[in-house]
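Chain by chain, the residues run as shown.
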Amino acid sequence: MTTLPHRSKTALVVIDVQNDVMVDAYQRAPVVANIQSLVGAARKAGTQIIWVQHNDDGLPQGSEAWKYIPELVRLESEPLVHKSFGDSFEGTELEDILASAGVGALVVAGAQTDACIRSTIHGAFTRGYDVTLVSDAHTTSDNSEWGAPPPEQVIAHTNLYWQHQDGPGRTAAVVTTVDVDFSS
């Protein structure tokens, strides 16, 4: 139902599952296992997978901290988008990659729920994409010492409000990993 004409395909977008981002991520092991499952299902179905990798002063490009976790391996044929803002569309070639592949719907997984995940799902939605957030395949760190709620509440709240997101000609959805179907 995307508002983007002639873009009926779906892509899996895996955001910032990098060594230092995931070092103390909430429910790291099950979230990584779910992302691995999504990647496997997308590959089997021939669905485009796009990997997003953040860099900044704390995650300098090329450093060990910046690299994707070893459990997730990108194929050379799968695009890698380098970003330095929360929204994966800002200052990147993500829109061009999606447009050239005819993608109008995104399935989103990765980290950090309260930063780059939220920024990207909102950025995609306002740009006309249908956006599905995989409820058990995104995570964040505990930032409660700076006044944030505990990570399980951040994740639960994001899953709750995203399922009620609304806009003309677009859909927002929240599903579990087992409910993602790349074959349709």
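Preceding this section is the structure that the text describes.
Since this is a predicted model, take the numbers as computed values, not measurements. (Residues numbered from 1 in each chain as written. Predicted model: local features only at pLDDT ≥ 70, side-chain atom pairs only at ≥ 80, totals over all residues. Heavy atoms only, no water.)

(A) Broad picture of the sheet that holds strand S2 (residues 48-54). The six strands are arranged S3-S2-S1-S4-S5-S6 in an open sheet whose pairing can be described as parallel. Among the strands making up the open sheet, the edge pair consists of strand S3 (80-83) and strand S6 (172-175). Neighbour-to-neighbour, the strand axes of this sheet turn through a mean angle of 25°, independent of strand direction. With respect to the sheet, helix H2 (residues 28-45) is in contact with strand S1 (9-15), S2, strand S4 (103-111) and strand S5 (130-139), its orientation differing from that of S5 by roughly 140°. (Pairing = 2+ DSSP bridges. Helix = DSSP H or I, 4+ residues; strand = E, 2+ residues; numbered from the N terminus. Axes fitted to C-alpha atoms, helices over the stretch in contact; angles between N-to-C directions. Contact = heavy atoms within 4.5 Å.)

(B) How the structure looks around the environment of cysteine 116. Note that cysteine 116 resides in helix H4 (residues 113-126). On the basis of relative accessibility, which here comes to 10%, the residue cysteine 116 falls in the buried class. With near-sequence residues (within four places) excluded, cysteine 116 lies in contact with Ile15, Asp16, His54, Lys83, Gly86 and Ala111. (Buried < 20%, exposed > 50% of the residue type's maximum accessible area, 1.4 Å probe, protein only.)

(C) Region of the structure containing the pattern of salt bridges. Inspection of every chain in the model, using the stated rule, returns seven salt bridges. For glutamate 95, the salt bridge goes to arginine 7, with nearest N and O atoms at 3.0 Å. A residue pair is termed long-range when its members are at least 10 positions apart, and glutamate 95 in helix H3 (residues 94-100) and arginine 7 in the segment before S1 qualify at 88 residues. Look at glutamate 95 and you get partly exposed, because its relative accessible area is 27%. Residue classification places arginine 7 among the buried positions, given a relative accessible area of 11%. For glutamate 64, the salt bridge identified is with lysine 67, shortest N-O distance 3.3 Å. Judged by its relative accessible area of 35%, lysine 67 falls in the partly exposed class. A single network of salt bridges, built from pairs that share partners, joins Asp87, Glu90 and Arg127. (Salt bridge = Lys/Arg side-chain N within 4 Å of Asp/Glu carboxyl O.)

(D) Fine view of unusual backbone geometry. Each neighbour pair has its own omega, and for alanine 111 with glutamine 112 the value is -25°, a cis peptide bond. Its place among the elements puts glutamine 112 in the loop between S4 and H4. In this structure, histidine 6 is a non-glycine residue whose phi angle is positive, near 60°. Relative to the assigned elements, histidine 6 resides in the segment before S1. On the basis of relative accessibility, which here comes to 81%, the residue histidine 6 falls in the exposed class.

(E) Up close: H2. Taking 1.5 Å of rise per residue, 18 residues should cover 26 Å, and H2 covers 26 Å from first to last C-alpha, within 8% of that figure. All buried positions along H2 are accounted for by Val31, Val32, Asn34, Ile35, Leu38, Val39 and Ala42. For H2, the arc enclosing every buried residue in end-on projection is 160°, short of the 170-degree limit, so these residues lie on one face. With respect to the buried face of H2, the exposed residues turned more than 90 degrees away are Ala29 and Lys44. As for H2, its buried residues are in contact with S1, helix H1 (19-22), S2, S4 and S5. (Expected span 1.5 Å × (residues − 1). Arc of directions from axis to C-beta.)

(F) Representation of the packing of aromatic side chains in the model. All told, the structure shown has four aromatic pairs when counted by the stated rule. With a centroid separation of 5.6 Å and an interplanar angle of 80°, the aromatic rings of phenylalanine 125 and tryptophan 162 are classed as edge-to-face. In this pair, phenylalanine 125 is assigned in helix H4 and tryptophan 162 in helix H5 (residues 151-162), connecting sequence segments 37 residues apart. Centroid distance tyrosine 161 to tryptophan 162: 6.4 Å. Interplanar angle 75°. Geometry classified as edge-to-face. Here the aromatic cluster, defined as three or more aromatic residues joined through ring pairs, consists of Phe125, Tyr161 and Trp162. A cation sits over an aromatic face here: arginine 170 above phenylalanine 125, 4.5 Å from the ring centre. (Phe/Tyr/Trp six-rings, centres within 6.5 Å; stacked < 30°, edge-to-face > 60°. Lys NZ or Arg CZ within 6 Å of the ring centre and 35° of its normal.)

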